[in-house]
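# An overview of the molecular structure
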Number of protein chains: 2
Amino acid sequence: MTKVILDVSLSLDGFSAGSNVDVAQPMGKDGERLHDWLSSTATEADSHVASELFSSAGAVVTGRRTFDVGIDRWGDDGAFGMPVFVLTHRDTPRLKKGPTTFTFVTDGIASSFEQAKSAARGKNIWLMGAADVAQQYLKAGLVDELLIHLAPVVLGAGKRFFESGLDQPLALERIRTIESASATHLTYRVIK
Amino acid sequence: MTKVILDVSLSLDGFSAGSNVDVAQPMGKDGERLHDWLSSTATEADSHVASELFSSAGAVVTGRRTFDVGIDRWGDDGAFGMPVFVLTHRDTPRLKKGPTTFTFVTDGIASSFEQAKSAARGKNIWLMGAADVAQQYLKAGLVDELLIHLAPVVLGAGKRFFESGLDQPLALERIRTIESASATHLTYRVIK
């Protein structure tokens, strides 16, 4: 059964990137610290978390900004090897990079969800990084699990991942904790 | 050796209380969920975390708001049984409740730290709850450990604990994780 997995690396103070995110600095100032668990310092535990997320996913949903700052780094094969749906207000033709297709969705999150669900063929939908997209999915009650990679740093400034604005609290159940020096990987199930 | 322990219960979206904190509702709307680990649903693990924090502390530092909404609930013995230093702009006479003394510090955090250190007699300084006081202690480099009780809830609104404004990121090392159904108790050492 397809689950929607919200995946994000966070500082202890709730930032998913440093300040001044741009193409040259996709994670913003000091933001690369949040991805130490994906870097050369990754442990076996970190790699397991990443590869499991990747292999269980059949489609990716993300935001335009994440696409814009990422695409040049994702290489000739588009990195994901699966359909990627990019929520945007700007109509953009589909882009194919080897086994990865980037489809730009301009008619809202419900449409992105339906398209991703169909493309995922029973595997999971990987909701990757983008704060505004995540917020909309959370508000719409579409998220099944949160996978938080909590980095051991108080960043002090940057892009806040969780905005205010839910109508009511979202109750969770922690179902797994995996620890490494670079992150605490916390998996929560959304109690619906 | 005296350590300064910053202790706070947080939602996954970084709130240390719900919205509309007042005397009738000291944790704000839905904020009591953050304290489930201190309530009747507490497990042995939760109780261990609480009692260890309490017994290792020789003095408490907190903020005026925390005092104002808490004092009536702390009972005739003042709940803490140790010296409590309340940072405030309003000069207020010292208050004694059984074995607990409340001293109001109007000359800033450095003074509160010196007074608490002296009063703690080698035990720890328990920096409790107040976001603005915590932020000032963090900026001043006075915090040795963070003890985060991460509740399994996205609160959606409330009082953000960590504000922006550090000059540079604060690097941490996770030194302990204790799990219960109501919280993930994460202890971080500040790397100085």
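Up top is the structure these notes are about.
In this report, we go over the structure that sits alongside the text. Please read these numbers as outputs of a predicted model, since none were measured by experiment.

## Section: the relation of the copies chain A and chain B
Rotating chain A by 180 degrees and moving it 0.0 Å along the rotation axis overlays it on chain B with an RMSD of 0.0 Å. On the angle and the small slide along the axis, the relation comes out as a two-fold axis. Taking C-alpha positions as reference, the residue of chain A nearest the rotation axis is A:G14, located at 3.0 Å. Of all interface residues in chain A, 100% are interface residues in chain B too; the two copies therefore contact each other through one and the same surface.

## Examining helix α1 (residues 44–56) of chain B
Along its 13 residues, α1(B) runs 18 Å from first to last C-alpha, staying within 8% of the 18 Å computed at 1.5 Å per residue. Summarising the contacts, the buried residues of α1(B) are in contact with β1 (4–10), β3 (57–63), β7 (124–128), β8 (145–150), β11 (170–179) and β12 (184–190) of chain B.

## Regarding unusual backbone geometry
For residues that are not glycine, phi is negative in most cases, and the peptide bond is trans in most cases. Residues and elements named next belong to chain B. Its identity is not glycine, yet N20 carries a phi of approximately 60 degrees, on the positive side. Within the element layout of this structure, N20 appears in the loop between β2 (15–17) and α1. Given the relative accessible area of 58%, N20 is considered exposed.

## Side note on the sheet that holds strand β6 (residues 100–105) of chain A
Sheet architecture is open: ten strands sit in the order β5(A)-β6(A)-β4(A)-β3(A)-β7(A)-β1(A)-β8(A)-β12(A)-β11(A)-β9(B), paired in mixed fashion. Two strands close off the open sheet at either side, each with one partner strand: β5 (95–97) of chain A together with β9 (153–154) of chain B. Against the sheet, helix α1 (residues 44–56) of chain A engages β1 (4–10), β3 (57–63), β7 (124–128), β8 (145–150), β11 (170–179) and β12 (184–190) of chain A, with an angle of about 130 degrees to β11(A).

## Section: the pairing of β12(B)
All names here are of chain B. Counting buried positions along β12 yields six of seven residues, so the element is predominantly enclosed. Relative to β12, β8 is paired through six bridges, and the arrangement is antiparallel. In the strand pairing of β12, L150 is matched with T184. The loop that links β11 with its antiparallel partner β12 comprises four residues.

## Section: the interface of chain A and chain B
Each partner contributes residues to the interface: chain A has 33 residues there, and chain B has 33 residues. Carbon and sulfur atoms make up 56% of the area that chain A and chain B hide from each other, which totals about 2,800 Å². Counting across the interface, chain A meets chain B through two salt bridges. At the boundary of chain A and chain B, one finds 16 residue pairs in polar contact (both at pLDDT 80 or more). Residue assignment for the side of chain A that touches chain B shows that the elements contributing at least two residues are β8, β9 (153–154), β11 and β12 of chain A. Residue contributions to the side of chain A that touches chain B peak at six residues, all from β11(A). Residue composition of the side of chain A that touches chain B, grouped by class: 19 nonpolar, seven polar and seven charged. By the bridge criterion, two bridges tie β11(A) to β9(B) in an arrangement that is antiparallel. Following the sheet pairing, A:L170 is matched in β9(B) by B:V154.

Criteria and thresholds
Residues numbered from 1 in each chain as written. Chains lettered and ligands numbered in written order. Predicted model: local features only at pLDDT ≥ 70, side-chain atom pairs only at ≥ 80, totals over all residues. Heavy atoms only, no water. Least-squares fit on C-alpha atoms with pLDDT ≥ 70 in both. Contact = heavy atoms within 4.5 Å. Helix = DSSP H or I, 4+ residues; strand = E, 2+ residues; numbered from the N terminus. Expected span 1.5 Å × (residues − 1). Buried < 20%, exposed > 50% of the residue type's maximum accessible area, 1.4 Å probe, protein only. Pairing = 2+ DSSP bridges. Axes fitted to C-alpha atoms, helices over the stretch in contact; angles between N-to-C directions. Buried area = accessible area lost by both parts, 1.4 Å probe. Salt bridge = Lys/Arg side-chain N within 4 Å of Asp/Glu carboxyl O. Polar contact = N/O pair within 3.5 Å; in protein donor to acceptor, adjacent residues only side chain to side chain. Nonpolar A, V, L, I, M, F, W, Y, C, P; charged D, E, K, R; others polar.

Functional significance is not addressed by these values, which are geometric in nature.
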